[in-house]
Amino acid sequence: MWDDAFPSFLIGLREGLEAGLIVSILVATLVRAGARNRLPQVWTGVLAAIALAMSFGAVLTFTAASLSATAQEAFGGTLSVIAVAFVTAMVFWMRRSARSLSGEIKEKVTGALAMGSGVLIVTSFLAVGREGLETALFLWTTARAAGESAGPLTGAGIGLVLAAGLCWGLYRRVLKINLTKFFTYTGAVLIVIAAGVLGYGLRDLQEGGVFPGSTAYALDLSGSIDAGSWYSTLVQGVLNITPTMTWLQTAGYAGYLAVVMTLFVRGVRASAPKPAAEPNAPQSAAEKSEVPEDPAAGRPGSKTAVEGPEPTSGAEEPEPEPASSAEKPQSESEPEPQSAAGEPEPRPAAPLPAADRPEPQPARGPRRRPAWVVPVAVVAVPVVVAGVVVAVARPKPSSGQTVAVSETECGKGFTAPKAGRQTFQMQNTGSKTSEVYLIDPGTNAVYGEIEGLAPGTTRDLVATVAGGTYAWRCVPSSGKAVTSRSVTVTGGGSSAKAVVPVSENDLAAPLKAYKEYVDQGLATLVAQTRTLDADIEGDHLDQARTDWLTAHLTYSSLGAAYGTFEDFDKKINGRADGLAGGVADPDFAGFHRIEFGLWHGQSADELKAPAQALVDAAAGLQKAFPTQDFDPGDLPLRAHEILENTLQFELTADTDEGSGTSLATANANLAGTNELLTVLRPLLTARAPKLLPTVDADIARLQKLLDAEHQGAAWTSVESLDAATRQQLNGATGQLLEDLAPVPDLLEIRKSA
């Protein structure tokens, strides 16, 4: 969490300090002008700016959450690029304006005082609002890049609180800060952080389909750097540099950093203050980066605690000299009263005698509105507007259609819906439990489905529809599939995602190919177990350890068929876990029983019976396999489950009985997964063409890590791995599992096919 907090902390500190300085200048200017009664107007504007920023953040969060995964990537990438543009502009603006900020704000406040309370509210709102919007946008992008909000929000909160404390100290003349140096140093750090946000945004745009090259990596250090390690997490959280970066991501990062940092450094050098030619020359107010002091805190006219470059001596403005008597008007030498515009005002007429004065009338001023009305309004307006935007922007499921599901009324009540996310109430009006699918009748692609809809029940089916043709396919538990009439939806683009269904016939060819692979593997296994048995029979235990590993790896590469092997799997590869006697239990058999004996000093006589039992079990499986029921639906499931077991058992050494070869078993599991993906490749390529290149890269990454732990015939044991290497193996396996997760759903056998 804390690694994700630093960028937000820095942006909160910097933006908070900018906004706080502006508010301090506004407040101090009003106090010096004797207009304390106008301070509530400043705070009203500040309150409105905060409400606007928070409402803007809510709009970003809730509207993005309703988008599809691809649209979210494109939306997030676009806003990341915009955030980088804002931050870059802010960095350069503050570098130029740090010294003259006080003078500019004073000038605006003076003008606002002359024009009325509304203008003062608008002045403070505009001054603070820009900082608030920039902060909200940058926080949203950093939170999205981090994948969680706790760290970024915590960092931003700490930064804002610290900024508020600094501004209070500056206002009360407790602290001194050279603002020019502060904004220069933090600006350089923010440029580095913004480069990472830009790279992340470009990667999002690639994954959202806006730019190509999402699998073209310029940098791939995942084989040598663990993405889950503390140092990798820190670098990713602060700088958004990941172990794998595409060419576009790398070019954007390096190009932005080179160009923007060069311009920034050049600007800093060009604007560096030069030594004054005259040591006593006064320094203009525009060259001081100051907050006017609170009159209660010190003598008016004294130098404030917030400084730019140290002012030279003689910077104080001289007091104006009194005018000579010759310059005074002749009547009592009193000054002519003037209006706010500086023009002479007419003198009041002489007062009337008391007897001629009219009776005083009670004054009736304009009715004053309560003081709370304006602050409540400025908060409520952006909140209400944000709520309206979210309500309008978020697509709402439509509940207007109730669609019948049965053999005789399939699709009754179905009319062409509007494009977008829709909810259909599917009601089973028949007498049989049914499955129902929303399909494209031309391709049989499935947009939504409900399984096991019982007679007389109604369930919601949510699907996103776009321009195209749609129909319902009802499949009763016993009977033929029925397809409804089709309807055409116009407009809506092509954001609707569909899955081309897979039938048992589609999986027939992959199943046949994989069964041939298993047949060959079992024949090899039988021969290898017989060799192992001969080693033990002849008391050649050293050779038996080598031949044990060879045979065990052969069996470990057949993982997709384990569910078909029935009781043979327990006899061949059973574990001691769960057995009453543990490793001494009579039912403990197979490879792990022999492994325990070979690596725990048992004699050949003690191992002869387990070795012979293993040979018998392997031969029995080879004979039974051709007649065993191999469910074709198991193939896509096993593509994910084999490596789940690897992560759970092999990479934790949970199954190791002393040989220290868990990584060799993991390598065999990976080979078995790769073989399974080979037979499924044609089906996967047709349905998810971008999936397999990603999976292939993951497999190559994990294979490289495993190969590094294999020297000749020896394998590093899991217990001997250092923490970093272990994390790399777990991380690479976890990433591969994550990318394999869609396979079971993509290749699920659907009756709509």
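Each remark here, short or long, concerns the structure printed above.
Parameters at a glance
Residues numbered from 1 in each chain as written. Predicted model: local features only at pLDDT ≥ 70, side-chain atom pairs only at ≥ 80, totals over all residues. Heavy atoms only, no water. Patch = residues over 30% accessible without salt bridge, like charges linked within 9 Å, V, L, I, M, F, W, Y side chains within 5 Å. Areas by Shrake-Rupley, 256 points an atom, 1.4 Å probe, with all protein chains shown as cover. Salt bridge = Lys/Arg side-chain N within 4 Å of Asp/Glu carboxyl O. Lys, Arg positive; Asp, Glu negative; His and termini not counted. Charge placed at Lys NZ, Arg CZ, Asp CG, Glu CD. Helix = DSSP H or I, 4+ residues; strand = E, 2+ residues; numbered from the N terminus. Buried < 20%, exposed > 50% of the residue type's maximum accessible area, 1.4 Å probe, protein only. Pairing = 2+ DSSP bridges. Axes fitted to C-alpha atoms, helices over the stretch in contact; angles between N-to-C directions. Contact = heavy atoms within 4.5 Å.

Asks: Describe in detail a negative patch on the surface, supporting the description with residues and values.
Replies: A cluster of acidic residues, Glu504, Glu566, Asp567, Asp629 and Asp631, forms a negative patch at the surface. Position of Asp629 among the secondary structure elements: in the loop between α15 (604-624) and α16 (634-650). The exposed category is assigned to Asp629, whose relative accessible area is 67%.

Asks: Go over the sheet that holds strand β6 (residues 420-428), please, and point to the residues and values.
Replies: Read across the sheet, 3 strands follow the order β5-β6-β9 without closing on themselves; strand pairing throughout is mixed. Each having just a single partner strand, β5 (401-405) and β9 (458-465) make up the two edges of the open sheet. Between one strand axis and the next, the sheet turns through 35° on average, direction left out of account.

Asks: Which residues make up the pairing of β5, and what are the values?
Replies: With 4 of its 5 residues buried, β5 lies for the most part within the structure. Taken together, the 5 bridges between β5 and β6 define a ladder with parallel strand orientation. Counterpart to Val403 in the pairing with β6 is Met426.

Asks: Can you lay out the environment of Leu133 for me, pointing to particular residues and giving the numbers?
Replies: In this fold, Leu133 is placed in helix α5 (residues 117-146). With relative accessibility at 30%, the residue Leu133 sits in the partly exposed group. Between the alpha carbons of Leu133 and Phe56 there is a distance of 7.1 Å; along the sequence they are 77 residues apart. In contact with Leu133, not counting residues within four places along its chain, are Leu52, Ala53 and Phe56.

Asks: So what about the environment of Ala195? Which residues, and what values?
Replies: As for its placement among the helices and strands, Ala195 is situated in helix α7 (residues 179-207). On the basis of relative accessible area, Ala195 is assigned to the buried category, the value being 0%. In sequence terms Ala195 and Gln249 are 54 residues apart; their C-alpha atoms lie 9.8 Å from each other. Filtering out sequence-adjacent residues up to four positions away, Ala195 remains in contact with Tyr253, Tyr256 and Leu257.

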